[in-house]
Structures are given as C-alpha cells and as structure tokens.
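# Analysis of the macromolecular model
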Amino acid sequence: MIKELEPLLKNRKSLYVTLLISLVYIVPILIADFNYLDDYGRDLYGYGWQHDGRFIATFLGKLWSLNSTIVSIYPFSLILSALILGFTGYLVVSLLKIEDNKTLKWSSLLILTSPFFLGNIVFKYDCLPMAMSFLCVVFPFVFYNNKVKFAISAFAGVFLAFGLYQPTATTFLILACAFIVQTLFKDNFKRLVQNGLIVISAFVFAYFVHILIVKFCNLPTSGRDELILFKSNFIENLLFNQTQYLERLLSLMNTGNYKYLSYFFIACTVLGVMFSVVHKSIFKSIFSILLIFTLFIAAFYLIPSVNMLLKESYWDLRSFTGLGFIGVLAMFFQRFLPNKIQFFSRLSCGLIVAFSFILAAQFSRMLNNQTEYQRYFVTELNALLKNKPI
C-alpha cells in the first residue's frame, strides 16, 4: 500500500460504514432502473464520449466492455460509482481531519449525496467515469506534503479528470482552498505559496495538454467551449452568467424546509471560522479572515465548474459538481468549534445528508412514474396505429 495512504485508512470500521451507507443511498436509483436518452443511444450503437472531449472515458468504457464497442455493465457501474464516491469522500475528510475519531462521518457522504449530483448517477454509462474523475482530483492531496509527488499527481489527476468528465476538474481547486487554509493555520507560509503555485500550475498545464490532445486528434466537441474572456462585452456576459447561476442555486436553497437546513449549516460554518482565528494575533486574524473569505468566494463561483466563463454555458444542475466539495470545505471550519457545540455541527451535516436520501427516494418515484407513462403512451399509440395503413 502507498505509505501516505496507510494512516488515512487506519479506521477501517469508519470506512466500511461510509461505504455501506453509500450503497444504501443508491438503492432507490437501482430500483428505478431508468434509461436516459444517452443510455438508449449507447445501448444501440455502443459509442463513447470522445465527441465531448472525454477520450479517457471512452478508453475506460472499452476497458470495462473488453470490446471496441462499449456495452453497459449496469447495475455494477452504479454500485462501483457509489463505492468510489464513498471512498473519495472518506479520503477527503480523513486528509482534513474532519469528524476525526468518529465511526460515522456524515461529511464523508456530502460528495455522493450532493442534490445536484443526483441526476448524474442515474446515467448507466456515464456514472462510472464521473465517479472516477472525482477520485482523480482528490487523490493527489494524499501527497500534499511532498512537493514533487504532489506536483506530478496533481497534473495527472486533473488531466485524467478533464478526459473523464470535465466539470469535476474545477473541484480540484475547491478542495485546494481547504488545504491552503490548513497550511495557513500551521503558519507554514512557504509551503502555502509553494503548494498554491503547484495547484495553479498543475491545473493550467493539465488543461492545455487536454486541449492540445483534443485539437491534435481532431476530436469533435460540443461547441460550448468558447470563453467570454477578452471579449468586448465580458462584464455583461459575466453578469448574465452570474444571474443564471444564482437563480439555479437558489432554486435548491429555497426548496421547502431545505433553506432552514442550509441556514443552520451556514451558521455553524461562520461560527467555525470565528473560532478558527480567535486565538491568533489581530494581524494574523485579519489576514486569515480575508484569505478565508476570498477562498470561499472563489470556491462558491467554482461550484458550476467553468460555466461562469463560457459564452454558451451549460446550466443543467448536473454540472454543479462543486456543491459537495463546498460542504466539505464548510465542515473543515466547523471542526474548530468547541467540543460542547460539536454536536450541532454533526447535526447540521447529518440533516443535509438525510435530506438527500429523501430526495433520492422522491426522484426514484418520479423516474418510475415517467417510465410507466412512457410505456402507457407506447401501448396506446400502438393500439391506435395497429390497424392503420402505412
């Protein structure tokens, strides 16, 4: 086993609990057994994802199919995805020492159970490349304290993420915010600057290598990759994209009683930030708060991936891959709360996760209803046209 990984997985009981709950979460989706339009297309023609610039996902599909034509391995693809995402979440919270020494780590489930990611795991073909892309952006942080290993693995992880499912690549930057703050609290400013430069360099380098491969291999793209940067109406486009983003994010936050759960969770996070700097000098406290605020703003606008900077943004909620990582970032600060009120932190996180389980159950019912309606429609249409001359 990788030596840096051993201390992170020493609490095997906690890991197994996370993996078990992850499997329970997908039970309603397995029962629904729903096919998206993309799934029907791949069932018929066995094509991959290279037309979206996701050439590594296509290669992965051919590997699991043991064939040049990609076939479905559902339900194994969904089960593996749940296990990978559960492991990814556990790895993150172990690295950041969130809910340390707890058998049940609610925060380890935030990535898998993100309400915006629910629409992704329903894809029978896409769910596995998506899950693996999350693991790819998280795994490099295992080597965060080794500059060479971190630089190499960061580039490799982000590059793989771009080739598996592009929106997850920016979650690497969100997660980096937590590690930068963690380094700040250790007063290791040299390491903070060094690793900050590694994060930015690895991300930019991986992006350009990905683009070069797509161009060199003449891979078709969706046509939605044009940026608004350096455009004459940049500010106007940016404000428009911001409006679109906030409208969709608030559609979740203002859903029923979920807004009260969100307020509770945010309040615990704000308190955690305050307690994280309370013992520092005035200068260090002000500097820390300014840096934390800046990183939170950056992470907030990275939730919808690069949609903020695209001319023709894809505002489907499924592309909001960063929400779960924002939750982990918030829980990182909540660990600074005094022991007497840590209960409220775990309660706020547990309620957020519980809501997602309820949402998954309701989503499964909706998918079942849609499937039944489609079958009824086809049956009625067949009866109507059966005796009609063609």
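Up top is the structure.
Residues numbered from 1 in each chain as written. Predicted model: local features only at pLDDT ≥ 70, side-chain atom pairs only at ≥ 80, totals over all residues. Heavy atoms only, no water.

## Examining the overall build of the protein chain
Regarding its fold elements, the protein chain presents 15 helices and zero strands. Its C-alpha atoms give the protein chain a radius of gyration of 22 Å, within 12% of the compact-globule value 21 Å for 390 residues. Principal-axis analysis of the C-alpha atoms gives the protein chain an extent of 85 × 50 × 50 Å. In the protein chain, which comprises 390 residues, the proportion classed as buried is 50%. Long-range pairs, those at least 24 residues apart, make up 80% of the contacts in the protein chain with a sequence separation of at least 6. Distance from the positive charge centre (32 side chains) to the negative charge centre (19 side chains) of the protein chain: 11 Å. (Helix = DSSP H or I, 4+ residues; strand = E, 2+ residues; numbered from the N terminus. Rg over C-alpha atoms; globule rule 2.2 N^0.38 Å. Buried < 20%, exposed > 50% of the residue type's maximum accessible area, 1.4 Å probe, protein only. Contact = heavy atoms within 4.5 Å. Lys, Arg positive; Asp, Glu negative; His and termini not counted. Charge placed at Lys NZ, Arg CZ, Asp CG, Glu CD.)

## Examining the nonpolar core
Among the nonpolar cores identified, the biggest contains 114 residues, and Leu 96, Ile 121 and Phe 141 are the most heavily contacted of them. At 11 residues, the largest contribution of residues to this core is made by helix H9 (residues 171-185). Ignoring any residue separated from it by four or fewer positions in sequence, one finds Phe 141 in contact with Leu 95, Phe 150, Phe 172, Leu 175, Ala 176 and Phe 179. (Core = buried A, V, L, I, M, F, W, Y, C linked by side-chain atoms within 4.5 Å.)

## Some thoughts on the pattern of salt bridges
What the rule picks out here adds up to six salt bridges. For Asp 126, the salt bridge identified is with Arg 42, shortest N-O distance 3.4 Å. You can see Asp 126 sitting in the loop between helix H6 (118-121) and helix H7 (127-138) and its partner Arg 42 sitting in helix H3 (residues 37-45), a full 84 residues away along the chain. Residue classification places Asp 126 among the buried positions, given a relative accessible area of 4%. Among the charged side chains, a salt-bridge network with shared partners connects Arg 42, Arg 54 and Asp 126. (Salt bridge = Lys/Arg side-chain N within 4 Å of Asp/Glu carboxyl O.)

## Focus: helix H4 (residues 55-65)
For H4, the tally of buried residues reaches eight of 11 residues, placing the bulk of the element in the interior. Along H4, the positions that sit buried rather than exposed are Phe 55, Ile 56, Ala 57, Thr 58, Leu 60, Gly 61, Trp 64 and Ser 65. Tucked inside the fold, the buried residues of H4 contact H7, helix H8 (147-164) and helix H10 (189-216). One or two residues past the end of H4 sits Leu 66, with phi positive at roughly 55°.

## Comments concerning the packing of aromatic side chains
Scanning the entire structure with this criterion turns up 32 aromatic pairs. An aromatic cluster is present here, built from Phe 116, Tyr 245, Phe 300, Tyr 301 and Phe 320 joined pairwise through their rings. Taking NZ or CZ as reference, Lys 124 lies 4.5 Å from the ring centre of Tyr 74, over its face. (Phe/Tyr/Trp six-rings, centres within 6.5 Å; stacked < 30°, edge-to-face > 60°. Lys NZ or Arg CZ within 6 Å of the ring centre and 35° of its normal.)

## Things to note about the side chain of Ser 345
Tracing the sequence through the fold places Ser 345 in helix H15 (residues 342-385). A distance of 2.6 Å separates a polar atom in the side chain of Ser 345 from a polar atom in the side chain of Gln 334. Apart from residues lying up to four places away in sequence, Ser 345 is in contact with Cys 268, Met 331, Gln 334 and Leu 337. (Polar contact = N/O pair within 3.5 Å; in protein donor to acceptor, adjacent residues only side chain to side chain.)

## Points about helix H5 (residues 76-95)
For H5, built from 20 residues, the straight-helix expectation of 28 Å at 1.5 Å per residue is met to within 8% by its first-to-last C-alpha distance of 28 Å. Where H5 terminates, the next one or two residues include Lys 97, which has phi positive at roughly 55°. (Expected span 1.5 Å × (residues − 1).)

## Quick look at the environment of Tyr 74
Within the secondary structure, Tyr 74 is located in the loop between H4 and H5. Note: C-alpha distance between Tyr 74 and Phe 363 (289 residues apart in sequence) is 19 Å. Separated by 3.5 Å, the side chain of Tyr 74 and the backbone oxygen of Ile 29 make a polar contact.

## As for the packing of helix H12 (residues 258-277) against helix H13 (residues 282-302)
Here H12 crosses H13 at 145°, and the two axes come no closer than 9 Å. Once H12 is placed against H13, the crossing between them reads as right-handed. Taking contact as the criterion, the partners of Thr 269, Val 273, Ser 276 and Val 277 in H12 are, on H13, Ser 285, Ser 288, Ile 289, Ile 292 and Phe 296. Class assignment of the residues belonging to the contact of H12 with H13 gives a composition of five nonpolar, four polar and no charged. (Axes fitted to C-alpha atoms, helices over the stretch in contact; angles between N-to-C directions. Left-handed = near helix turned anticlockwise from the far one by under 90°. Nonpolar A, V, L, I, M, F, W, Y, C, P; charged D, E, K, R; others polar.)

## Considerations on the packing of H12 against H15
Between H12 and H15, the least distance of the axes is 9 Å, while the angle of their chain directions is 150°. When you trace H12 past H15, the crossing you get is left-handed. Within the contact between the two elements, H12 uses Tyr 258, Leu 261, Ser 262, Phe 264, Phe 265 and Cys 268 and H15 uses Phe 344, Ser 345, Leu 347, Ser 348, Cys 349, Leu 351, Ile 352 and Phe 355. For the contact of H12 with H15, a count of residues per class yields 11 nonpolar, three polar and no charged.

## Brief notes about the environment of Lys 231
Relative to the assigned elements, Lys 231 resides in the loop between H10 and helix H11 (234-253). Taking the relative accessible area as the measure of exposure, Lys 231 reaches 34% and is therefore partly exposed. The spacing of Lys 231 and Gly 119 is 112 residues in sequence and 33 Å in space, taken between C-alpha atoms.

## Section: unusual backbone geometry
Trans is the common state for peptide bonds, and a negative phi is the common state for residues other than glycine. Cis geometry is found at the peptide bond from Tyr 74 to Pro 75, where omega equals 10°. In this structure, Pro 75 sits in the loop between H4 and H5. One non-glycine residue, Asp 33, lies in positive phi territory at about 50°. Note on placement: Asp 33 falls in the loop between helix H2 (27-32) and H3. The phi dihedral of Lys 97 is positive, around 55°, even though this residue is not glycine. Positionally, Lys 97 belongs in the loop between H5 and H6.

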